[in-house]
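Structure assessment
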Amino acid sequence: MLRRDFIKLTAVLGASSALPLWSHSVFAANRPNLPIPSLLIPDAAGKIDLKVQTGSMNWKAGVQTPTWGINGPLLGPAMRLERGKDVAINVTNALPEATTMHWHGMEIPGTSDGGPQAVIEAGKVWTAAFKVDQPATTAWFHPHTHGLTGRQVAMGLGGLIIIDDEESTKLPLPKEWGVDDIPVILQDKRLDAKGHIDYQLDIMTAAVGWFGDMMLTNGTLYPQHLAPRGWLRLRFLNGCNARSLNLATSDGRPMYVVASDGGLLAEPVKLSELPILMGERFEVLIDTRDGKAFDIVTLPVKQMGMTLAPFDHALPVLHIQPTLKQSEAKLPDSLVNMPAIPVVDNVKTRWLQLMMDPQLDMMGMQMMMQRYGMESMAGMSMQGHGDMSGMDHSGMQGMKMQGHMGHGKMNHDGMGHGQKTAQDYDFMHGNKINGIAFDMAKPMFDVKRGTYEKWTISGEGDMMLHPFHIHGTQFRILSENGKPPAAHRSGWKDTVRVEGWRSEVLVKFNHEAPKERAYMAHCHLLEHEDTGMMMSFTVS
């Protein structure tokens, strides 16, 4: 037995011995333990080795599901990096096809960002070398292979990046990895009759995204975790392709958000519910000093396709069982100094219009209702879908199905003059920014390094949810869907919510990105990204 495995085993045994005797069998029998990704730190030369590989998981009794993972069968390790240090990450592709690896949330040069241009062919190695120069945060890594990102993430590729800095290490926050500081990676999956991951990119998923019918936490169905009594730190990542989440505790105990995408907040923000978009991360502290068990649950959301069972009610995703062991960690009253947002009166402004082809919108909705029925519409109306005229859809939620849909019957033939049938329609270019589907060879504009710009991202005329992500920066949200950002979304962010209206962000890029390794900005609903809702830009 390796020394690290022995230490891990004795820690688990020690924690379980602190439980009341009657609870041992209950804890072991009810559900699996929460898998904790291993921490991977650079060696003495600053190197880390990652291997993208095939594997398998056992989610159904007696069935092995083929999966992909990084240094293992599913997901990957948590790379722990230190601010101010140089690192070189060697990514070996042992898959039967090409992939890429993007460091989501990292402020690094375009040459190391791992966008869709940085293809790693099967059997090849790619090295990303850079200096870590940003505040302590929870970032993550995942493929960014154009047209294939959704499938490769659904197959299991992804992992966390933990950045430490001097300021964060001085805070009395929980820091014992896998004990009172735990990663919580949430992803939905759908399996076919053979037990294989049933990923499809078609007209329906190009419109609403690919969604599953089961929720995995760190790759496991509804696991449990033994936690010391005190403050428990949960590093949440919504790793779903298309599903937004709304997290809460089963007994109503509050959650205190201490960090968002780009690092720690100025002070903790108390919440009873935590909406979290695809690709977003939030660090949360929860008080377990009462010793009572509880669940982390995801509540129903108002998003098309995402209200089908079992997501039509509060779904438990993680069971927390406090032990008798006491934690010394604390919830500080204040965290870090958050700089004031600079005055933005005379900065360069840009407008990014997110657009779905009206025919894709209409056919996608019809196909979803044909497959899943009216309940898949999440109480929304079809009116406005297929209409990009810029109308205000703010009053659409909760409306009944009405209008010209033919009672849900799908008719591909009478779609209007000049429109193609579903069989002929090119949905791979059905989503656009400023009227243009993604073209890797043509960056949309150039940004000057070190200068502020105000970007307005508009979803007007489109009822879809768009979590908009920008590479190479951590920005500040000026407005989100026309409203001031919530307190827990007022810190450093790399993803902003756009849904039927406009959001404004103040961006600045500290590194260069040449044309051949331009940065990306895109919807992080992965099927929207894969079908054109992405643009590239250079920084010089």
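Fair warning: this is a prediction, and the values are worked out from it, not measured in the lab. (Residues numbered from 1 in each chain as written. Predicted model: local features only at pLDDT ≥ 70, side-chain atom pairs only at ≥ 80, totals over all residues. Heavy atoms only, no water.)

Mapped onto the secondary structure, Gln-53 falls in strand E2 (residues 47–60). Among the polar contacts listed, one links the side chain of Gln-53 to the backbone oxygen of Gly-72, at a separation of 3.5 Å. Beyond its immediate sequence surroundings of up to four residues, Gln-53 is in contact with Thr-67, Trp-68, Gly-69, Asn-71, Gly-72, Pro-73, Ala-94 and Leu-95. (Helix = DSSP H or I, 4+ residues; strand = E, 2+ residues; numbered from the N terminus. Polar contact = N/O pair within 3.5 Å; in protein donor to acceptor, adjacent residues only side chain to side chain. Contact = heavy atoms within 4.5 Å.)

Counting residues in each nonpolar core, the largest one holds 52 residues, and the members touching the most others are Trp-455, Ile-457, Phe-468, Ile-470, Val-505, Phe-509 and Phe-537. Sorting elements by how many residues they give to this core places helix H7 (residues 358–372) first, with six residues. Once residues lying within four places of it in the same chain are set aside, the contact partners of Ile-470 are Trp-455, Phe-475, Asp-494, Val-505, Val-507, Phe-509, Met-520, Ala-521 and Phe-537. (Core = buried A, V, L, I, M, F, W, Y, C linked by side-chain atoms within 4.5 Å. Buried < 20%, exposed > 50% of the residue type's maximum accessible area, 1.4 Å probe, protein only.)

On to the environment of Met-338. Within the secondary structure, Met-338 sits in the loop between strand E21 (315–326) and strand E22 (348–356). Considered as a pair, Met-338 and Leu-265 are 73 residues apart in the sequence and their alpha carbons are 6.9 Å apart. Among all residues touching Met-338, those that are not within four sequence positions of it are Leu-264, Leu-265, Ala-266, Arg-476, Gly-491 and Trp-492.

The next thing to look at is H7. Compared with an ideal rise of 1.5 Å per residue, which puts 15 residues at 21 Å, H7 spans 21 Å between its outermost C-alpha atoms and is within 8% of the ideal. H7 sits mainly inside the fold: eleven of its 15 residues count as buried. Here H7 has its buried residues at Gln-359, Leu-360, Asp-361, Met-362, Met-363, Gly-364, Met-365, Gln-366, Met-367, Met-368 and Met-369. Tucked into the core, H7 has its buried residues touching helix H6 (203–208), E22 and strand E23 (431–433). (Expected span 1.5 Å × (residues − 1).)

What follows covers empty space enclosed by the protein. The tally for this structure, following the rule as stated, stands at two cavities of 30 Å³ or more. In this model, the largest cavity occupies a volume close to 80 Å³. As for the largest cavity, its lining consists of Val-208, Lys-302, Gln-303, Met-304, Met-380, Met-463, Met-464, Leu-465, Glu-499 and Leu-525. In terms of residue class, the lining of the largest cavity is made up of seven nonpolar, one polar and two charged. Empty space within the second largest cavity amounts to approximately 50 Å³. Along the walls of the second largest cavity sit Arg-243, Ser-244, Leu-245, Thr-298, Leu-299, Pro-300, Val-301, Met-306, Phe-311 and His-313, which together make up its complete lining. Class assignment for the residues of the lining of the second largest cavity results in six nonpolar, three polar and one charged. (1 Å grid on protein atoms, 1.4 Å probe; cavity = no way out; pocket = protein on both sides within 12 Å on 5 of 7 lines; lining within 4 Å. Points joined across faces, edges and corners; volume = space filled by probe spheres on them. Nonpolar A, V, L, I, M, F, W, Y, C, P; charged D, E, K, R; others polar.)

Moving on, we get to the confidence of the model for the chain. Across the chain, pLDDT averages 90, with 87% of residues at or above 70. Here residues 1–26 is a poorly scored stretch, pLDDT under 50, and it has 16 contacts once near neighbours within four places are set aside; other chains count. Confidence drops under a pLDDT of 50 for residues 387–418, and excluding neighbours within four residues, the segment shows 49 contacts in the predicted structure. (pLDDT = per-residue confidence, 0-100.)

Let us now look at the sheet that holds strand E1 (residues 39–40). Strand order in the open sheet formed by five strands is E1-E4-E9-E8-E6, with mixed pairing between adjacent strands. Pairing within the sheet leaves two strands with one partner each, and these edge strands are E1 and strand E6 (102–104). (Pairing = 2+ DSSP bridges.)

All chains considered together, the criterion is met by 29 salt bridges. Residue Glu-283 is joined to Arg-233 by a salt bridge in which the shortest nitrogen-to-oxygen separation is 2.7 Å. With Glu-283 in strand E19 (residues 281–287) and Arg-233 in strand E14 (residues 231–238), the pair connects residues that are 50 residues apart, well separated along the chain. For Glu-283, a relative accessible area of 4% puts it in the buried group. Judged by its relative accessible area of 8%, Arg-233 is buried. Here Asp-494 ties to Arg-281 by a salt bridge, and the two come within 2.7 Å at their closest N and O atoms. One end of the pair, Asp-494, is in the loop between strand E27 (476–479) and strand E28 (495–498); the other, Arg-281, is in strand E19, with 213 residues separating them in the sequence. Both residues of the pair, Asp-494 and Arg-281, belong to the buried class. (Salt bridge = Lys/Arg side-chain N within 4 Å of Asp/Glu carboxyl O.)

Sheet strands pair via backbone hydrogen bonds, and the direction of the pair is either parallel or antiparallel. If you trace the five strands from one edge of the open sheet to the other, you get E23-E22-E25-E29-E27, paired in mixed fashion. The open sheet has two edge strands, E23 and E27, and neither has a second partner. Strand-to-strand twist of the sheet, defined as the mean angle between neighbouring strand axes without regard to direction, takes the value 25°. Alignment of E22 against strand E25 (residues 452–458), held across six bridges, turns out to be parallel. Counterpart to Arg-350 in the pairing with E25 is Trp-455. (Axes fitted to C-alpha atoms, helices over the stretch in contact; angles between N-to-C directions.)

Bringing the environment of Thr-127 into the picture now. Position of Thr-127 relative to the elements: it lies in strand E7 (residues 125–131). Sequence-wise, Thr-127 and Ala-88 are 39 residues apart; in three dimensions their C-alpha atoms are separated by 6.4 Å. Sequence-distant contacts of Thr-127, defined by excluding residues within four places in its chain, comprise Ala-88, Ile-89 and Asn-90. Here the side chain of Thr-127 touches Asn-90 through a polar contact of 2.7 Å, side chain to side chain.

Okay, the side chain of Glu-453 next. Along the polypeptide, Glu-453 turns up in strand E25. Within the local environment of Glu-453, its side chain forms a polar contact with the side chain of Arg-350, the two groups lying 2.6 Å apart. Of note is the side chain of Glu-453, whose polar atom sits 2.9 Å from the side chain of Trp-455. Excluding residues that lie within four positions of it along the chain, Glu-453 makes contacts with Val-347, Lys-348, Arg-350, Val-447, Val-505, Leu-506 and Val-507.

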